[in-house]
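# Overview (structure and organization)
Single-letter residue listing:
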Amino acid sequence: MASGGVLEVGQEALASAAVPDVRREEQALLVRLRRGDPGAFEELVREHQDRLYDFCFRMVGDREEAHDLVQEIFVSVHQNVRRFREDARLSTWLFRITKNHCLNRLKYLQRRGRGRSDEYDETSAAAIAEGGGAPPQPDAALDAARERARVQRAISQLEPDARMLVALRDIEGLSYDEIVDITELPEGTVKSRLHRAREKLADLLGRFEP
């Protein structure tokens, strides 16, 4: 459980130990990207597309919209990678671009009356939940999918900025430093807004019974 949060994270400590190696790998990949190495871009897409899709889906609540967003995001990355100032990790920069695309898409959808989607279903929940280890038994998988559908339903009721912070911290497990780099907000603002978002999310989850 994230400190003071509603959702289970449990990955940040393990991730922090690998940061130096990850930075070196990202730097080497960035050099290849700037040289125009097509294999480097394919590697970037393979490594990050699932996680960016997950974040987009949490933000917009629609699988097709999330898929389209990821394609647009990688086009933007391809066009702008040479202008990346290296003021953050490459992965953090990808999330910054993704955040901007998601917020812009939400504004567009809201203008069209499609700002909040209930499309999140048990199948997509189970797909997002897939990870390492032994596969759960069918009943356990169904229960997990239902719980994730309930969580996503609650997340979809948050305002976009609150939704973003919950997704970045409590689902993606990013550090506060990374979230500051992505959102370009002061750390104190991130923490206070995240606290309010978690309180609202807890209230919504209490209303949406399993």
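What you are looking at is a predicted structure, and each value in this text was computed from that prediction instead of being measured.

On to the overall build of the protein. Across its full length, the protein holds 10 helices and zero strands. Written out in order from the N terminus, the α and β elements of the protein read α-α-α-α-α-α-α-α-α-α. In the protein, which comprises 210 residues, the proportion classed as buried is 43%. Restricting to contacts in the protein with at least 6 residues of sequence separation, those with at least 24 account for 70%. Looking at the protein as shown, the accessible area adds up to about 11,700 Å², and 48% of this sits on carbon and sulfur atoms.

The phi torsion at Glu86 lies on the positive side, around 60°, for a residue other than glycine. The residue Glu86 is located in the loop between α4 (63–80) and α5 (90–111) in this model. Despite not being glycine, Glu184 has its phi angle at roughly 60°, a positive value. Its place among the elements puts Glu184 in the loop between α9 (176–183) and α10 (187–207). Relative accessible area serves as the criterion here: at 56%, Glu184 is assigned to the exposed category.

In total, this model carries zero disulfides according to the counting rule given. We note that Cys56 lacks a disulfide partner, and the nearest cysteine sulfur, in Cys102, lies 3.6 Å from it. Relative accessible area serves as the criterion here: at 0%, Cys56 is assigned to the buried category.

Moving on, we get to the nonpolar core. Of all hydrophobic cores here, the largest spans 50 residues; its most connected members are Leu44, Phe55, Met59, Leu90, Trp93 and Leu168. Where this core is concerned, the elements lending two or more residues are α2 (19–34), α3 (38–60), α4, α5, α7 (138–155), α8 (160–171), α9 and α10. Take this core: its biggest share by element is nine residues, from α3. Apart from the residues lying within four places of it in its own chain, the contact partners of Leu168 are Phe55, Phe95, Gly173, Leu174, Ile179, Ile182 and Thr183.

In this section: the packing of aromatic side chains. By the definition in use, this model includes four aromatic pairs. An angle of 0° between the planes, with centres 6.2 Å apart, marks the rings of Tyr53 and Phe57 as stacked. With a gap of four residues between them, Tyr53 and Phe57 both fall in helix α3, about one helical turn apart. Looking at Tyr53, the relative accessible area reads 25%, which means it is partly exposed. Aromatic side chains Phe55 and Phe95 sit 5.6 Å apart centroid to centroid with 85° between the ring planes, which places their arrangement in the edge-to-face category. Here the residue Phe55 occupies a position in helix α3, and Phe95 occupies one in helix α5, the gap between them amounting to 40 residues.

Now for α5. Each full turn of the α-helix corresponds to 3.6 residues, which orients residues three or four apart in the same direction. Here α5 spans 32 Å end to end across 22 residues, near enough to the 32 Å set by a 1.5 Å rise per residue. Of the residues trailing α5, Gly113 is marked for its positive phi of about 75°.

As a further point, take the packing of α4 against α5. Orientation of α4 relative to α5, taken along the N-to-C sense of each, is 130°, at an axis distance of 10 Å. Classified by the interaxial angle, the pair formed by α4 and α5 is oblique. In terms of crossing hand, the pair formed by α4 and α5 is right-handed. Residues Glu65, Asp68, Leu69, Glu72, Ile73, Ser76, Val77 and Asn80 of α4 lie in contact with α5, whose contacting residues are Trp93, Leu94, Ile97, Thr98, His101, Cys102, Arg105 and Leu109.

Okay, the confidence of the model for the protein next. Reading predicted coordinates in detail is not appropriate for stretches of low pLDDT. Averaged over the protein, the pLDDT score is 82; the fraction of residues at 70 or greater is 78%. Scored below 50 in pLDDT, residues 8–15 makes 11 contacts in the model with residues more than four places away or belonging to other chains. Counting interchain partners and residues more than four positions distant, the pLDDT-below-50 stretch residues 115–134 has 41 contacts.

Rules behind the numbers
Residues numbered from 1 in each chain as written. Predicted model: local features only at pLDDT ≥ 70, side-chain atom pairs only at ≥ 80, totals over all residues. Heavy atoms only, no water. Helix = DSSP H or I, 4+ residues; strand = E, 2+ residues; numbered from the N terminus. Buried < 20%, exposed > 50% of the residue type's maximum accessible area, 1.4 Å probe, protein only. Contact = heavy atoms within 4.5 Å. Areas by Shrake-Rupley, 256 points an atom, 1.4 Å probe, with all protein chains shown as cover. Disulfide = S-S within 2.5 Å. Core = buried A, V, L, I, M, F, W, Y, C linked by side-chain atoms within 4.5 Å. Phe/Tyr/Trp six-rings, centres within 6.5 Å; stacked < 30°, edge-to-face > 60°. Expected span 1.5 Å × (residues − 1). Axes fitted to C-alpha atoms, helices over the stretch in contact; angles between N-to-C directions. Parallel < 35°, antiparallel > 145°, perpendicular 65-115°, else oblique. Left-handed = near helix turned anticlockwise from the far one by under 90°. pLDDT = per-residue confidence, 0-100.

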